[in-house]
Amino acid sequence: LGKDFYLFLIGELLTLLCIGIWHVTLSWWIATRGGAHDLTLYGVALSLSSIIFTFVLSPFGDRYNKRTVILYARAALLVSGLALASMCSLDHYQIVHIIGAVIAGSAAMAVVLPACAAVPADVVAVENLPQALSMQKSVQAIGRTIGPAIAGVILATTDVAIGLWSMTALGVLSAISTVA
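Residues numbered from 1 in each chain as written. Predicted model: local features only at pLDDT ≥ 70, side-chain atom pairs only at ≥ 80, totals over all residues. Heavy atoms only, no water.

Chemist: Go over the nonpolar core, please, and point to the residues and values.
Modeler: If you look at the biggest cluster of nonpolar residues, it comprises 51 residues, and the most contacted ones within it are W22, L26, W29, L84, I98 and L164. Elements with a contribution of two residues or more to this core: α1 (3–33), α2 (35–57), α4 (66–89), α5 (95–123), α6 (129–157) and α7 (160–179). The element contributing the most residues to this core is α5, with 14 residues. Residues within four places of I98 in sequence aside, it is in contact with L26, W29, I30, L84, M87 and Y93. (Core = buried A, V, L, I, M, F, W, Y, C linked by side-chain atoms within 4.5 Å. Buried < 20%, exposed > 50% of the residue type's maximum accessible area, 1.4 Å probe, protein only. Helix = DSSP H or I, 4+ residues; strand = E, 2+ residues; numbered from the N terminus. Contact = heavy atoms within 4.5 Å.)

Chemist: Tell me about the pattern of salt bridges, residues and numbers included.
Modeler: Following the criterion strictly, the structure yields 2 salt bridges and no others. Its salt-bridge partner being K66, residue D122 comes within 3.4 Å of it at the nearest N-O pair. Note that D122 is positioned in helix α5 and K66 in helix α4, a separation of 56 residues in sequence. We classify K66 as buried; its relative accessible area is 16%. (Salt bridge = Lys/Arg side-chain N within 4 Å of Asp/Glu carboxyl O.)

Chemist: Now, about the packing of α1 against α6: what can you tell me, with residues and values included?
Modeler: Between α1 and α6, the shortest axis-to-axis distance is 7 Å and the interhelical angle comes to 30 degrees. Note on packing geometry: the crossing formed by α1 with α6 is right-handed. A breakdown of the residues in the contact of α1 with α6 according to their chemical character gives 19 nonpolar, 6 polar and 2 charged. (Axes fitted to C-alpha atoms, helices over the stretch in contact; angles between N-to-C directions. Left-handed = near helix turned anticlockwise from the far one by under 90°. Nonpolar A, V, L, I, M, F, W, Y, C, P; charged D, E, K, R; others polar.)

Chemist: I'd like a description of α7, backed by residues and values.
Modeler: When the terminal C-alpha atoms of α7 are compared, their 29 Å separation across 20 residues agrees well with the 28 Å that a helix rising 1.5 Å per residue should span. As for α7, its buried residues are in contact with α1, α4 and α6. (Expected span 1.5 Å × (residues − 1).)

Chemist: Describe in detail the packing of aromatic side chains, supporting the description with residues and values.
Modeler: Scanning the entire structure with this criterion turns up 3 aromatic pairs. Centroid distance F5 to F8: 6.1 Å. Interplanar angle 35 degrees. Geometry classified as tilted. In this pair, F5 and F8 both sit in helix α1, 3 residues apart, roughly one turn of the helix. One exposure class covers both F5 and F8, and it is buried. Through successive ring pairs, a cluster of aromatic residues spans F5, Y6 and F8. (Phe/Tyr/Trp six-rings, centres within 6.5 Å; stacked < 30°, edge-to-face > 60°.)

Chemist: Give a detailed account of the packing of α1 against α4, specifying residues and quantitative values.
Modeler: Direction vectors running N to C along α1 and α4 enclose 30 degrees, while the axes themselves pass 12 Å from each other. Accordingly, the angle class assigned to the pair α1 and α4 is roughly parallel. As α1 runs across α4, the sense of the crossing is left-handed. In this structure, α1 contributes F8, G11, E12, T15, C18, I19, W22, L26 and W29 to the contact, and α4 contributes R74, L77, S80, G81, L84, M87 and C88. (Parallel < 35°, antiparallel > 145°, perpendicular 65-115°, else oblique.)

Chemist: Describe unusual backbone geometry, with residues and values.
Modeler: The phi angle at D91 is positive, at roughly 55 degrees, despite the residue not being glycine. Judged by relative accessible area, which is 52%, D91 ranks as exposed.

Chemist: Can you lay out α2 for me, pointing to particular residues and giving the numbers?
Modeler: Taking 1.5 Å per residue as the helical rise, α2 with its 23 residues ought to reach 33 Å, and the 31 Å between its terminal C-alpha atoms agrees with that figure. When we look at burial in α2, the residues that qualify are D38, Y42, A45, L46, S49, F53 and L57.

And the structure:
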């Protein structure tokens, strides 16, 4: 299937782990610091931004070079994660600032997920496409399952800041895998 495809799978796994850790850790931070009201604001902002950005930004993956689009989207996700981890480490809890970082991350995800869905068709020979798509689905399932579990372990054994910095570290590795 080729080196490019395997690096792509690693990047996709790291991105999905990052997202899983993000959602659980950030929800925990908001629930414990801001309560139900802030958690509701976060949920509404995330939902609305995801819907809007999916319609507006997802075509970028089809119009431009997928590798470049994925790299920029992962970099934007990384910057958003850095902002959240820094805010948490500095004990700067402001729901407006958190929502701003979340909206930026939501925009990045609206670009990266559709672009990633189309990558196997671009980098794998037609005869290997069923195997590649199967591997991609498996990696996605693993990432979506293990990410929240990792967040749970981190929150049970350490604190929110460690969870957010872990998410950021995975974001760095994900971006590196896109460049490699």
